[in-house]
Amino acid sequence: MSAEYRTRIEATGRTLAELAGAESRVGDLPRALLAYREQCATAGHPVQFNRAKAHMQAFVRDTLTKGHDLYRRVTAIPALPTSRRTLRRPQKPEALRELLDRLPDAHRRQAW
């Protein structure tokens with residue numbers, strides 16, 4: 001697990017702990033996730049919520065197993081819909097030739 005990924009998971013945990021309150025327990029996770037879902041939906045950050053949900057599902061799965069009621073409750077929270085990304089369009093051959101003509105010879109040879 002990379003340090004960056006670990007940092008993201010820790011940030012998710014801190015955010016949900018803040019939403020759940022100081023006296024929260026692991027059993028309060030579904031309530032905190034629902035509050036975070038609403039927050040992310042309002043802010044227009046569906047991917048952020050979906051990742052946080054995945055982090056918490058993994059935590060509960062690894063800590064309590066998939067058979068635990070808490071895992072089923074976290075899993076039952078619906079993901080937020082995301083929009084599709086714009087289809088990327090490759091360069092047309094003429095545009096690529098123009099670009100290569102402006103590059104130094106050493107770089108031009110690397111393109112093909």
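Everything quoted here is computed from the prediction, not taken from an experiment.

Undergrad: Can you explain the overall build of the protein? Please cite residues and give values.
TA: The helix and strand tally for the protein stands at six helices and zero strands. Each helix (α) and strand (β) of the protein, taken in turn from the N terminus, gives the series α-α-α-α-α-α. By the compact-globule yardstick of 13 Å for 112 residues, the protein is too spread out, its C-alpha radius of gyration being 22 Å. Of all 112 residues assigned to the protein, the portion counted as buried reaches 21%. At a minimum sequence separation of 6, the contacts of the protein that also span at least 24 residues come to 49%. Roughly 8,700 Å² of accessible area belongs to the protein as shown, and the carbon and sulfur atoms make up 52% of that amount. Across the protein, the mean location of the 21 positive side-chain charges is 5 Å away from that of the 12 negative side-chain charges.

Undergrad: I'd like a description of unusual backbone geometry, backed by residues and values.
TA: For Thr-65, which is not glycine, the phi torsion reads 85 degrees and is therefore positive. Note on placement: Thr-65 falls in the loop between helix H3 (46-64) and helix H4 (69-76). The class for Thr-65 is partly exposed, based on a relative accessible area of 47%.

Undergrad: Go over the pattern of salt bridges, please, and point to the residues and values.
TA: A full pass over the atoms with the stated rule returns three salt bridges. For Glu-4, the salt bridge identified is with Arg-8, shortest N-O distance 2.7 Å. Placement of both Glu-4 and Arg-8 in helix H1 (residues 3-20) is noted, with a separation of four residues, approximately one turn of the helix. Here Glu-4 falls in the exposed class, since its relative accessible area comes to 52%. Take Arg-8: its relative accessible area is 43%, and that puts it in the partly exposed class. Here Arg-61 makes a salt bridge to Asp-62, at a shortest N to O gap of 2.9 Å. Given a relative accessible area of 59%, Asp-62 falls into the exposed group.

Undergrad: Provide a residue-level description of the packing of H1 against helix H2 (residues 29-43), including the pertinent values.
TA: One way to put it is that H1 packs onto H2 with a least axis distance of 9 Å and a crossing angle of 100 degrees. On the basis of the axis angle, H1 is roughly perpendicular to H2. Judged by residue contacts, Thr-15, Leu-16, Leu-19 and Ala-20 of H1 engage Leu-29, Arg-31, Ala-32, Leu-33, Ala-35, Tyr-36 and Gln-39 from H2. Residue composition of the contact of H1 with H2, by class: eight nonpolar, two polar and one charged.

Undergrad: Give me the lowdown on the nonpolar core, citing residues and values where you can.
TA: Residues Leu-16, Leu-29, Leu-33, Tyr-36, Phe-49, Val-60 and Val-74 are the most contacted members of the largest nonpolar core, which totals 16 residues. Tallying contributions element by element places H2 first for this core, with five residues.

Undergrad: Outline the packing of H2 against H3, supporting the account with residue identities and numerical values.
TA: At a minimum axis separation of 9 Å, H2 and H3 run at an interaxial angle of 165 degrees. By the angle between their directions, the pair H2 and H3 is classed as roughly antiparallel. Read as a crossing pair, H2 and H3 show a hand that is right-handed. Residue-level inspection shows Leu-29, Leu-33, Tyr-36, Arg-37 and Cys-40 of H2 in contact with H3, the latter providing Pro-46, Gln-48, Phe-49, Ala-52, Lys-53, Met-56 and Val-60. Among the residues forming the contact of H2 with H3, the class breakdown is nine nonpolar, one polar and two charged.

Basis of the calculations
Residues numbered from 1 in each chain as written. Predicted model: local features only at pLDDT ≥ 70, side-chain atom pairs only at ≥ 80, totals over all residues. Heavy atoms only, no water. Helix = DSSP H or I, 4+ residues; strand = E, 2+ residues; numbered from the N terminus. Rg over C-alpha atoms; globule rule 2.2 N^0.38 Å. Buried < 20%, exposed > 50% of the residue type's maximum accessible area, 1.4 Å probe, protein only. Contact = heavy atoms within 4.5 Å. Areas by Shrake-Rupley, 256 points an atom, 1.4 Å probe, with all protein chains shown as cover. Lys, Arg positive; Asp, Glu negative; His and termini not counted. Charge placed at Lys NZ, Arg CZ, Asp CG, Glu CD. Salt bridge = Lys/Arg side-chain N within 4 Å of Asp/Glu carboxyl O. Axes fitted to C-alpha atoms, helices over the stretch in contact; angles between N-to-C directions. Parallel < 35°, antiparallel > 145°, perpendicular 65-115°, else oblique. Nonpolar A, V, L, I, M, F, W, Y, C, P; charged D, E, K, R; others polar. Core = buried A, V, L, I, M, F, W, Y, C linked by side-chain atoms within 4.5 Å. Left-handed = near helix turned anticlockwise from the far one by under 90°.

Such coordinate-based values are descriptive only and should not be taken to indicate function.
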